[in-house]
Amino acid sequence: MGFATLRVLHACIGNAINNLERAYRKRSQSDSPLDFPDLDDPYYASADSHSEAEQLIQELYDDPSVSMASMQIVAACGQLCATVNRPWHGVIETIEGGQLPQALRFLEAAHIPEILRDAGSEGLHVKDIQRSVADLRPKDVAPDPTILTPERLGHILRLLATSHWIREVSPNVFANNRRSSLVDSGKSLVQLRDEPENKHLGSNGISAFIGLMGDECFKFTSYMTEWLLPDTRIGSLIVDAKGGFHRTQHTGTDVAAPTPYASPFNLAFDTKLNFFPWLELPENRARLHRFGRAMAGTRQWETTENILHSFPWADLAPGSLLVDVGGGLGITSSVVARAHNHIKVVVEDRPQVVEAALLTWGRTKYAPLLESGRMTFRAKDIFAQWEPLMSGKEPDVFLLRLVLHDWPDEESRSILRRLRSAAGPSTKLLIGDLLLPYACRIEGAFAPEDSPLLPNLGMANLHGYLIDIMIMNFGAAKERTVDEMSELALSSGWKITDIRRSPGSLWAYTTAVPCRDDVLGDLFGSGRRQLHRVCVHTMDPACHGHLYVRNYS
């Protein structure tokens, strides 16, 4: 402990940097070694062309050895900071941290990455940035120049620069860096001014994701404590504005009782609707479209080709059917369809989502999949009984990507049971979701047993635990542990047989097969629980292992 631990963490960083450099040297294709990208250098994915070195660097982000080394560095640095930082500073940085996502949301909404892209490496003064921001806003709701002042803008951008989100080139002059260039939609300023509603169309979805997280998600997350502890509503604005209490009779006395809400989202937006029907209200049409593009942005959790390694697609017979349940725009299943001509895809989602998907696909390189009939969309509620396709063919694979994490166990079980009733004997279920490790040491931990790092790699995987709480706040749902996913599947008639993920990654593809009814009866009738071994593959063929998970078996 003490200084010895600090030195071990320091050594962990050094060793991981050596591993990074080794991976970069291995991929170098000239006498000059490939260097690690500089944070100050933007990378615009939408650019017409990129250098050979830059293309290699982008490929290396998906290299398992680079990914693991990067996570070890982030984990060790985070643990070092938590250890040596003055506790009071840690309190301030955490509790005041909400200012940062709002600054990032403002950066995206004001189209500042696009404005700074045109300015180049020399940057732009806040006075010029303010003029450009105002010029891009709708004229009927233009920002008040006495409110959106260059001075205030400079303070917001300086917070982002201090957090390494942009760069302050000289006093009040700012430029994009590698992180802020990721938020760039690729649209020109003329396009943003004339067609702001199409900003996210054809983009990587990251700008839409920031808009979603900074808008709806940030607002309802701020009501988590009032949802969990109703007494904290007293004296808050909720009492007057949200109806946080209602009058009721108790032992003959008229008293104020907390109004029950299904989730912080319902409390924050004062609605009884679930999040998705609420998104489909006419007044939320823009939010619905943004949500669809934001979900495309979640592909950053995995490489585009990750889905191709998640399941033995090549082993399926010609004419096999993949049903993408709650598949949104069908971005993920389209990758399978393009890579495997022998597979047909049906994407199912709510009518409003299907309508948006068809409009989107008509303008993309994937349109031929629709025209050929190898990929179709079907309007369907995931809680309705699954209706056979017109062809009468049973699905070979049901895909649930980022669906179950949106729902509590009861609703998730309902979805899975409906799919189980529609499954044939050889139908497989493929679940794409985060699987959260425990923060304590158990078999199968990401960090070696002799490592001082948290077993789940701490700060390197913090994003998954943040999403977990966000999901809880919008629908009383959760990201699950392997134990929880295994038990949920088995209680719904499915038995997990395989889990695949990249080394140290929270993102996983879980395969399950139907359980026979008589087997389920024996399992639940006995009430016995014991350890069941599930093979956990890593996406890197050089790495493999096993993980014990608790299951009904």
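The structure under discussion appears in the preceding block.
Residue positions are given per chain, counted from 1 along the sequence in the order it is written. Under the rules for a predicted model, residues below a pLDDT of 70 receive no local features and side-chain atom pairs below 80 are neither given nor counted, while totals for whole chains, interfaces and linings still include all residues. Calculated side-chain values reflect all of the structure's heavy atoms, with hydrogen atoms and water omitted.

Q: Explain a nonpolar patch on the surface to me, please; I cannot follow it from the model alone.
A: A grouping of Val74, Met459, Leu462 and Leu466 is seen on the molecular surface, where their side chains present a nonpolar patch of about 340 Å² in accessible area. A residue is classified by how much of its surface remains accessible, and Val74, at 40% relative accessible area, is partly exposed. Within the patch definition used here, like charges are joined within 9 Å and nonpolar side chains (Val, Leu, Ile, Met, Phe, Trp, Tyr) within 5 Å, considering only residues with over 30% relative accessible area and no salt bridge. Residue exposure ignores everything except the shown protein chains as possible cover, and the areas themselves are Shrake-Rupley values with a 1.4 Å probe. The working definition used for a salt bridge is a side-chain nitrogen of Lys or Arg within 4 Å of a carboxyl oxygen of Asp or Glu. Buried means the residue's accessible area, taken with a 1.4 Å probe over protein chains only, is under 20% of the maximum for its type, while exposed means over 50%, and partly exposed covers the values in between.

Q: Explain the pattern of salt bridges here, please?
A: Once the charged atoms of two side chains with opposite charge are near each other, the side chains can pair. Going through the model one piece at a time under the given rule, you end up with 25 salt bridges. The partner of Asp194 in a salt bridge is Arg193, with the nearest N and O atoms 3.7 Å apart. With a relative accessible area of 52%, Asp194 lands in the exposed category. Its relative accessible area of 37% is what places Arg193 among the partly exposed residues. Close ionic contact of Arg480 with Asp409 constitutes a salt bridge, the shortest N to O distance being 2.9 Å. Placement of the pair is Arg480 in the loop between helix 21 (462-475) and helix 22 (482-491) and Asp409 in helix 20 (residues 409-422), with a sequence separation of 71 residues. In this text, helices come from DSSP runs of H or I with a minimum length of four residues, and strands from runs of E with a minimum of two, each type numbered from the N-terminal end.

Q: For this particular structure, what's the right way to read helix 20?
A: Spacing of three or four residues puts side chains on the same side of an α-helix, whose turn is 3.6 residues. Expected helix span is taken as 1.5 Å per residue step, with the number of steps being one fewer than the number of residues. Here helix 20 is 14 residues long and its end C-alpha atoms lie 20 Å apart, about the 20 Å a rise of 1.5 Å per residue gives. Within the sequence span of helix 20, burial applies to Ser412, Ile415, Leu416, Leu419, Arg420 and Ala422. Buried residues of helix 20, viewed axially, fall in a sector of 165 degrees; they line one side. Within this analysis, the arc is defined by the directions that extend from the helix axis to the C-beta atoms.

Q: Sorry, what's going on with the sheet that holds strand 2 (residues 167-170) here?
A: Strand pairs in the sheet, formed through backbone hydrogen bonds, run parallel or antiparallel to each other. The three strands are arranged 1-3-2 in an open sheet whose pairing can be described as antiparallel. The open sheet is flanked by strand 1 (124-125) and strand 2, the only strands paired with a single partner. Strand pairing is defined by DSSP finding a minimum of two bridges between the two strands. As defined by bridge partners, strand 1 adjoins strand 3 (residues 173-175) across two bridges and the pair is classed as antiparallel. Bridge pairing links Leu124 to Phe174 in strand 3.

Q: Explain unusual backbone geometry here, please?
A: The phi torsion of most residues other than glycine is negative, and most of the peptide bonds are trans. Residue His164 is not a glycine yet carries a positive backbone phi of 65 degrees. One can find His164 in the loop between helix 8 (150-162) and strand 2. Its relative accessible area of 46% is what places His164 among the partly exposed residues. Even without a glycine there, the phi angle at Leu402 is positive, about 55 degrees. If you trace the backbone, Leu402 turns up in the loop between strand 9 (397-401) and helix 20.

Q: Explanation requested: the nonpolar core in the structure shown.
A: General note: in soluble globular proteins, nonpolar side chains tend to be found buried as a group. We define the nonpolar core as a collection of buried residues of types Ala, Val, Leu, Ile, Met, Phe, Trp, Tyr and Cys that are connected through side-chain atoms lying within 4.5 Å of one another. Counting residues in hydrophobic clusters, the biggest one holds 52 residues, and the most contacted among them are Ile307, Trp313, Leu322, Leu430, Leu453 and Leu457. In what follows, residue pairs with any heavy atoms lying within 4.5 Å of each other are defined as contacts. Not counting chain neighbours up to four residues away, the residues in contact with Leu430 comprise Ile307, Ser310, Phe311, Trp313, Val397, Phe398, Leu399, Leu400, Tyr509, Thr510 and Thr511. In this structure, Val346, Phe474, Ala508 and Ala512 belong to the second largest nonpolar core, which totals 51 residues.

Q: Even after reading the chapter, I still don't get the environment of Leu159, so can you show me in this structure?
A: Positionally, Leu159 belongs in helix 8. For Leu159, a relative accessible area of 33% gives the class partly exposed. Remark: the alpha-carbon pair of Leu159 and Leu100, spanning 59 residues in sequence, is separated by 7.4 Å. If we ignore the near neighbours within four places in the chain, the residues touching Leu159 are Gln99, Leu100 and Ala103.

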